[in-house]
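# Architecture at a glance
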Amino acid sequence: MKCPKCGREVPDGKMYCENCGEEIMIVPEFEPEVDKTLTDVMSDVTTNLLVEEEQQTLKKAKNKSVLLFAIAFLVVLFLSGIVFEIVTYVNRNSVSYQFAHAKEAMEDGRYDDVILYASRVAELESTNLEARLLGAVAYARKGDEKKAIDAYKQILSIDAQNEEALDGIISIYEKENNVSEIMKILSGVKDSSIKEKYVRFSAGLPSFSKQAGTYREEVFLEITSAGNGSIYYTLDGTTPSDKSSRYTSPIKLPEGTCTVKALYINSYGVKSGVASADYDIILKEAHEPKISLETGAYTQPKMIVVSVPENEKVYYTTDGSEPDRSSSRYTKPIPLPFGNSRFRFVSIVDDEVKSEVVACNYNFTFDAVTSRELALIMLNDYLLQHGILADANGSIPGKPGNNLYFCNTAISLNNRNYYLIEEYYNDGGGNISPTGILYCVGAENGQLFTASEDDTGHFSIVSIG
């Protein structure tokens with residue numbers, strides 16, 4: 001065998017070349033058939049080894065893929081959980097989300113869910129009345145009226161004029177016939193349109209068609225009140241009740257003075273306050289007095305004549321004050337007094353019905369040959385001469401006190417003018433009263449007369465000197 005490196009002959013059995021030291025690889029020599037067989041066997045072995053190795057590689061790759069998939073799945077699952085929690089948190093704290101689900105649940109009739117979602121909205125946004133209303137309605141539809149009432153009251157505590165809440169709570173109370181609670185609820189309502197809507201529950205004060213006062217005609221009084229209840233009334237001032245007269249048609253008020261009181265009780269038994277009014281019904285008419293002498297200035301004696309129907313009485317004053325039954329009563333013509341006078345006349349029927357007051361102002365200045373002062377002196381001299389008076393002070397012989405003489409007017413008889421003088425007695429104790437004795441003194445010649453007046457106001461005179 002030659003050394004494959006240096007070409008020297010290598011003795012058999014040597015494993016190294018003695019010349020160059022190259023290692024000698026001994027390759028057995030085979031027959032071609034054996035070699036082919038061996039090659040085929042080695043090829044099969046190699047193939048099997050390659051397949052097995054490939055299978056192992058594939059198995060390892062597959063196991064690795066499964067592991068990676070599992071890890072990825074777990075990661076995705078973990079992240080999904082986080083996302084779910086985040087979404088759940090966001091949704092739980094979202095007013096719009098919770099409210100939308102509450103409405104959806106209401107449409108589906110899932111009232112427990114409505115309450116759940118609406119309550120959450122109320123937690124997140126306490127002033128959200130729409131959600132609160134959904135919750136209240138859900139309670140009502142479930143038949144839990146107590147919780148529905150509580151829910152409506154919470155809404156009304158925020159907005160006392162919330163019409164939907166009022167509708168809901170009042171409908172429940174109405175079914176229970178609990179009018180007192182309805183009245184409490186409505187007491188906080190200010191909106192007039194809402195009040196009008198529930199007027200059937202109210203018991204407003206009755207109103208009268210005529211204002212209190214005096215009427216000189218027949219009065220038919222109408223009493224009204226909003227609602228479908230009943231009105232009860234009295235005419236004697238007593239407090240009405242459901243046992244009093246029930247109003248059904250206009251009431252003819254009696255003549256005279258009466259106090260009308262009325263009470264309204266609605267169909268639910270709620271009572272109103274008591275309305276009251278005083279009326280004076282005067283069917284007897286007092287006519288204004290007709291005065292014969294017009295207001296003005298006069299220089300000659302005149303008589304004031306007043307006329308009224310027979311059943312009427314006339315009272316008057318001369319100082320401008322308002323006349324009444326305590327004033328001087330007119331019974332016959334009045335001589336126009338000297339100076340300025342302000343007559344006021346009134347007619348009264350049955351001591352209660354008064355006419356309008358008629359005013360007349362006069363100024364009487366009398367210019368005559370004999371003055372008023374001289375007329376009084378002449379009369380006084382005559383009375384002293386005839387012993388009627390004891391002295392110039394008007395003392396009366398044998399009688400306490402003294403007489404007083406007043407000349408306040410003049411009269412005209414047969415185209416002649418006379419001073420009219422009235423006699424009064426003073427008892428010395430502060431009491432002065434007319435004696436009924438009258439004198440006249442001629443305004444032109446000073447002649448003395450006694451005078452008398454009849455019931456119609458006509459004078460007659462008799463000469464005494």
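Residues numbered from 1 in each chain as written. Predicted model: local features only at pLDDT ≥ 70, side-chain atom pairs only at ≥ 80, totals over all residues. Heavy atoms only, no water.

For the rest of this paragraph, the subject is the overall build of the protein. Helix and strand counts for the protein stand at 9 helices and 25 strands. A fraction of 50% describes how many contacts in the protein between residues 6 or more apart in sequence connect residues 24 or more apart. Split by element, the accessible area of the protein, about 28400 Å² in all, is 51% carbon and sulfur. (Helix = DSSP H or I, 4+ residues; strand = E, 2+ residues; numbered from the N terminus. Contact = heavy atoms within 4.5 Å. Areas by Shrake-Rupley, 256 points an atom, 1.4 Å probe, with all protein chains shown as cover.)

Moving on to the layout of surface pockets. Here the largest pocket is characterised by a volume of approximately 710 Å³. Along the wall of the largest pocket there are 26 residues; nearest its centre are Y316, I334, P335, E422 and Y424. When residues in the lining of the largest pocket are grouped by element, the largest group, 5 residues, is from strand β23 (residues 432-442). Taken together, the residues of the lining of the largest pocket break down into 13 nonpolar, 8 polar and 5 charged. (1 Å grid on protein atoms, 1.4 Å probe; cavity = no way out; pocket = protein on both sides within 12 Å on 5 of 7 lines; lining within 4 Å. Points joined across faces, edges and corners; volume = space filled by probe spheres on them. Nonpolar A, V, L, I, M, F, W, Y, C, P; charged D, E, K, R; others polar.)

Pairing is antiparallel across the open sheet formed by 6 strands, whose spatial order is β20-β21-β22-β23-β24-β25. Looking along the sheet, the strands with just one partner apiece sit at the ends: β20 (395-396) and β25 (459-463). With 2 bridges joining them, β20 and strand β21 (residues 399-413) adopt antiparallel strand pairing. Within the sheet, the bridge partner assigned to I396 lies in β21 and is K399. On the sheet, helix α9 (residues 372-385) packs against β21, β22 (416-426), β23 and β24 (448-453) and is oriented at approximately 135° with respect to β21. (Pairing = 2+ DSSP bridges. Axes fitted to C-alpha atoms, helices over the stretch in contact; angles between N-to-C directions.)

Right, let's get into the pairing of β24. Bridging between β23 and β24 involves 4 bridges; their strand directions are antiparallel. Among the inter-strand pairings, C440 is bridged to a residue of β24, identified as F449.

Time to look at the pattern of salt bridges. Taken as a whole and judged by the stated rule, the model has 12 salt bridges. Notably, a salt bridge pairs D167 with K197, separated by 3.0 Å at the nearest N-O pair. With D167 in helix α6 (residues 163-175) and K197 in helix α8 (residues 192-197), the pair connects residues that are 30 residues apart, well separated along the chain. Taking the relative accessible area as the measure of exposure, K197 reaches 37% and is therefore partly exposed. Ionic pairing is found between K243 and D242, a salt bridge with its closest N-O pair at 3.4 Å. (Salt bridge = Lys/Arg side-chain N within 4 Å of Asp/Glu carboxyl O. Buried < 20%, exposed > 50% of the residue type's maximum accessible area, 1.4 Å probe, protein only.)

The next point concerns the environment of E285. Relative to the assigned elements, E285 resides in the loop between β9 (271-281) and β10 (290-291). E285 sits 27 residues away from E312 along the chain, and the two C-alpha atoms are 9.3 Å apart. Residues within four places of E285 in sequence aside, it is in contact with E312, V349 and V353.

With that out of the way, let us pick up the sheet that holds strand β5 (residues 230-234). Strand order in the open sheet formed by 5 strands is β2-β9-β8-β5-β6, and the pairing between neighbours is mixed. Strands with a single pairing partner mark the edges of an open sheet, and in this sheet they are β2 (213-215) and β6 (245-246). The pairing of β2 with β9 spans 3 bridges and is parallel. Residue pairing in the sheet places T214 in a bridge with D280 of β9.

This next bit is on the packing of helix α4 (residues 129-142) against helix α5 (residues 145-158). Two quantities define a packed helix pair, namely the angle between the helix axes and the distance between the axes. At a minimum axis separation of 7 Å, α4 and α5 run at an interaxial angle of 160°. Judged on the interaxial angle alone, α5 and α4 are roughly antiparallel. Between α4 and α5 the crossing geometry is left-handed. Listed contacts from α5 to L129, R132, L133, A136, V137, Y139 and A140 of α4 are K147, A148, A151, Y152, Q154, I155 and I158. Classifying every residue of the contact of α4 with α5 by side-chain character gives 11 nonpolar, 1 polar and 2 charged. (Parallel < 35°, antiparallel > 145°, perpendicular 65-115°, else oblique. Left-handed = near helix turned anticlockwise from the far one by under 90°.)

Right, let's get into helix α3 (residues 111-124). Helix length check: α3, at 14 residues, gives a terminal C-alpha distance of 20 Å against a target of 20 Å (1.5 Å per residue), a fit within 8%. Along α3, the positions that sit buried rather than exposed are V114, I115, Y117, A118, R120, V121 and A122. (Expected span 1.5 Å × (residues − 1).)

Let us look at the packing of aromatic side chains. Considering all chains together, one arrives at 14 aromatic pairs under this definition. On the numbers, 5.8 Å between centres and 35° between planes, the contact of Y316 with F345 is tilted. Linking Y316 in strand β14 (residues 312-317) with F345 in strand β17 (residues 339-349), this pair joins segments that are 29 residues apart in sequence. The same class applies to Y316 and to F345, which are both buried. When the centroid spacing of 5.8 Å and the interplanar angle of 70° are considered together, the rings of F343 and Y362 count as edge-to-face. (Phe/Tyr/Trp six-rings, centres within 6.5 Å; stacked < 30°, edge-to-face > 60°.)

Take the nonpolar core next. In this structure, Y152, L166, I169, I170, L186 and Y198 are the most contacted members of the largest nonpolar core, which totals 34 residues. Those elements giving two or more residues to this core turn out to be α2 (95-108), α3, α4, α5, α6 and α7 (179-187). If one sorts the elements of this core by residue count, α4 sits on top with 7 residues. Residues V306, Y330, F343 and Y439 belong to the second largest nonpolar core, which totals 33 residues. (Core = buried A, V, L, I, M, F, W, Y, C linked by side-chain atoms within 4.5 Å.)

Right, let's talk about the pairing of β9 for a bit. Bridge count between strand β8 (residues 256-265) and β9: 9 bridges; the pairing is antiparallel. Looking at the pairing, V260 lines up with A277 of β9. Hairpin connection between β8 and β9: a loop of 5 residues separates the two successive antiparallel strands, and G269 in this loop has a positive phi of roughly 90°.

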